[in-house]
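Reading the structure
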Amino acid sequence: MIKPPWIRRVRRALLAAGATAALAAGLLTASATTSQAATQGPCDIYAAGGTPCVAAHSTTRALYAAYNGPLYQVRRASDNTTLNIGVLSAGGYANAAAQDSFCAGTSCVITVIYDQSGKGNNLTQAPAGGAAGGPDNLANAFEAPVTVGGHEAYGVYVAPGTGYRNDHTNGIATGDQPEGMYAIFDGTHFNGGCCFDYGNAETNDHDTGNGHMEAIYFGNSNFWGSGSGNGPWIMADLENGLFSGVNQHLNSGDPTVTNRFLTAIVKGGPNQWAIRGGDAQSGGLSTYYSGVRPNVSGYNPMHKEGSIILGIGGDNSKSAQGTFYEGVMTSGYPSDATENAVQANITAAGYSSGSTGTGSLTPGSRISLQATTACCTSDYLRHDDADTKVVISNISSSSSATDKADATWIVRAGLANSSCLSFESANNPGQYLRHYNYELYLNTDDGGGNFSKDATFCPTTGNSGVGHSFQSVNYPTKYIRHYNFTAYIASNGGTNTWDSTTSWAQDTSWLTASPWS
């Protein structure tokens, strides 16, 4: 029997009200315990709302309260051996210490991001095809450190050229079937390249036409669509268009968002879809668009194919960058109430950048590096806002907040050798101190094979007997040096002017001072 439309509408309203009440009751029960994250995960909440997860990916924590399997796999460069990184306890946080131990003295990449849903929708290295001439790069396992609930963890740092994919999935929406998805991104790490996506894409790695994708996009590309301000924006990649709303181009209701940890949501069903977002550390979600499909042909109905991508476009375009911590895809169109409860779980999880102000060389510490040469003891290593070069300049209590921040670094485990160190800019997250043609710059990882080595330095006792010196991992005779107020890697004598033996030992010795910012 076919029910009249008004009966179907009333029935949907009653079901939605019941789901909202059940979710609210569950949320109140959870908040009475020490932590909601300890009693349920995002996918438990989606299941309670009638829209279960069909893919659940995270390198930081379990997304079900009962999950006790592997989160991801790493491979070390020294012998190509792999190790699965699991959780500290069922429903808990990543066992990052296992990665630290396994990768000590070498570098590691993330080879598999496991699906916690039981559907087998694991993400692995994206293959050649479409816009990619060869397999994509794999993410450096140490490039996105965080703490979650006070526990060390690592995200998936996507440099241009990096990408993950699964073209043979189980249970992912196809055609015009409804689905939802969320992801937690680093809202400060983005670019305008195509396309930093997580979600549903083509199964043949090629652009097969309008409406053949439905994925979360994050970045500041404005070629297809945009929101208010200069970006970045959460948008939907629906293939041949990044959509911020019903129009093909500008939709001012989609705001610029730059939270350090960002919850990004896209969901879609027959002639309806929505964009939502919020701060993954606190507060609720905002709805940036909710309505009918775009007013361009090919998107109503949709033609989703059911592949899953991370960090790339549906046709394997791989010029984008970003950082991913966790995300899921659901069967069915989640209610706002379900998503609000998931957001409460996310904020309770306790994401933090994890850097401290100890002034030590321990990874996670914020430091400033002070010159020790007699001429320059008030000078500190800093990046130059006028370009990408690294210099030394006078920094004092009266310096501007910008100058102080430019002279502050976050110590990271070495990208090419975890027994050594890399230095991330404190005010430009995702950008690292690296040498290029022996001069030092502040750059974002470009995905090239040499970047991790160029950005890794091994600390030694100061060459002058004071402080520390920092030896280039790929040019072991060269150390970080200031010369004429510009920073280089330099040897004690050589063909370059900055290899001068005069004051070399002093110029290559640095005090690890308390951070200016």
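Structure shown above.
An account of the accompanying structure is given in this report. (Residues numbered from 1 in each chain as written. Predicted model: local features only at pLDDT ≥ 70, side-chain atom pairs only at ≥ 80, totals over all residues. Heavy atoms only, no water.)

Side note on the state of the cysteines
We apply this condition: The term disulfide is used for any two cysteine sulfur atoms that are within 2.5 Å. With a 1.4 Å probe rolled over the protein chains alone, any residue whose accessible area is under 20% of its type maximum counts as buried; one over 50% counts as exposed, and the rest are partly exposed.
Applying the stated criterion to the full structure yields five disulfides. A disulfide bridge connects Cys103 with Cys108, and the sulfur atoms are separated by 2.0 Å. Disulfide Cys103-Cys108: torsion about the S-S bond near -105°, hence left-handed. A relative accessible area of 0% places Cys103 in the buried class. Among the residues examined, Cys108 registers a relative accessible area of 1% and is labelled buried. Here the cysteine-cysteine linkages of the chain are recorded as 1-2, 3-4, 5-6, 7-8, 9-10, numbering only bonded cysteines and doing so in sequence order.

As for the environment of Gly327
Applicable threshold: Secondary structure is summarised from DSSP: a helix means a run of H or I of at least four residues, a strand means a run of E of at least two, and numbering begins at the N terminus for each. Residue contacts are defined here by distance: any two heavy atoms, one from each residue, within 4.5 Å place the two residues in contact.
Along the polypeptide, Gly327 turns up in strand β19 (residues 322–331). On the basis of relative accessibility, which here comes to 0%, the residue Gly327 falls in the buried class. Between the C-alpha atom of Gly327 and that of Ala56, which follows or precedes it by 271 residues, the distance is 6.0 Å. Once residues within four sequence positions are removed from consideration, Gly327 is found in contact with Ala55, Ala56, His57, Leu63, Tyr182, Ala183 and Tyr198.

Focus: the side chain of Arg293
Here is the rule we go by: Counted as a polar contact is a pair of N or O atoms within 3.5 Å, where, for protein atoms, one must be capable of donating a hydrogen and the other of accepting one, and residues adjacent in sequence contribute only when both atoms are in side chains.
Mapped onto the fold, Arg293 is located in the loop between β17 (286–291) and β18 (307–310). Accessibility expressed as a relative area gives 3% for Arg293, which makes it buried. For Arg293, the side chain forms a polar contact with the side chain of Glu214, separated by 2.8 Å.

A closer look at unusual backbone geometry
Here Cys194 and Cys195 are connected by a cis peptide whose omega angle stands at -15°. Within the fold, Cys195 resides in the loop between β10 (179–185) and β11 (197–201). One non-glycine residue with positive phi stands out, namely Phe485, at about 70°. Positionally, Phe485 belongs in the loop between β30 (479–483) and β31 (486–490). Residue classification places Phe485 among the partly exposed positions, given a relative accessible area of 46%. Residues other than glycine seldom take positive phi values, yet Ser503 does so here, at roughly 60°. Within the element layout of this structure, Ser503 appears in the loop between β31 and α7 (504–507).

Here's the deal with the pairing of strand β16 (residues 272–279)
For the record, the criterion: Two strands pair if DSSP finds at least two bridges between them.
For β16, the tally of buried residues reaches six of eight residues, placing the bulk of the element in the interior. Looking at chain direction, strand β15 (residues 262–269) and β16 are connected through eight bridges and run antiparallel. Each residue of the ladder has a partner; that of Thr263, found in β16, is Gly278. Between β15 and β16, which pair antiparallel in sequence order, lie two residues; one of them, Asn271, sits at a positive phi of approximately 50°.

Focus: the packing of aromatic side chains
Any pair of aromatic rings gets described here by the distance separating the centres and the angle formed by the planes. Short version of the rule: Here a Phe, Tyr or Trp ring, Trp counted by its six-membered ring, pairs with any other such ring whose centre lies within 6.5 Å, and the pair is stacked when the planes are under 30 degrees apart, edge-to-face when over 60, and tilted otherwise. Sitting over a ring, as applied to charges here, requires NZ of Lys or CZ of Arg to be within 6 Å of the ring centre and within 35 degrees of the ring normal.
Within the structure shown, the criterion is met by 18 aromatic pairs. Measuring from ring centre to ring centre gives 5.8 Å for Tyr325 and Tyr351, while their planes differ by 55°; the resulting arrangement is tilted. Of this pair, Tyr325 sits in strand β19 while Tyr351 sits in strand β20 (residues 351–352), placing them 26 residues apart in sequence. As far as burial versus exposure is concerned, Tyr325 and Tyr351 are alike and both buried. Among the aromatic residues, those joined into a cluster by ring pairs are Phe185, Phe190, Phe196, Tyr198, Phe218 and Phe324. In this structure, Lys478 packs its charged tip against the face of Tyr438, placed 4.8 Å from the ring centre.

Concerning helix α4 (residues 336–349)
What counts, and what does not: Take the number of residues in a helix, subtract one, and multiply by 1.5 Å to get its expected span.
Spanning 14 residues, α4 covers 20 Å between terminal C-alpha atoms, matching the ideal 20 Å at 1.5 Å per step. Looking at α4, one finds that the buried residues are Ala337, Thr338, Glu339, Ala341, Val342, Gln343, Asn345, Ile346 and Ala349.

A short note on empty space enclosed by the protein
Cut-off, in case you're wondering: Buriedness for pockets is judged along seven lines, at least five of which must meet protein on both sides within 12 Å for an open set on the 1 Å grid over protein atoms alone, while cavities are sets there where a 1.4 Å probe fits but cannot get out, and lining residues have an atom within 4 Å of a point. Grid points are joined across faces, edges and corners, and a volume is the space filled by probe spheres set on the points. Following the grouping adopted for this structure description, the nonpolar residues are Ala, Val, Leu, Ile, Met, Phe, Trp, Tyr, Cys and Pro, the charged ones are Asp, Glu, Lys and Arg, and the polar ones are all others, Gly among them.
For the coordinates displayed, the defined rule picks out two cavities of 30 Å³ or more. In this structure, the largest cavity spans a volume of roughly 80 Å³. Contributing to the lining of the largest cavity are 14 residues, with Glu143, Ala144, Asp186, Arg260 and Glu424 lying nearest its centre. Broken down by class, the residue content of the lining of the largest cavity amounts to six nonpolar, three polar and five charged.

As for the sheet that holds strand β6 (residues 145–148)
The three strands lie next to each other as β7-β6-β20, forming an open sheet whose pairing is antiparallel. Each end of this open sheet is capped by a strand with a single partner; those strands are β7 (151–154) and β20. Bridge analysis of β6 against β7 gives four bridges, and the strand direction is antiparallel. Its bridge partner lying in β7, Val146 is registered against Ala153.

Spatial relationships are all this shows, so hold off on functional conclusions.
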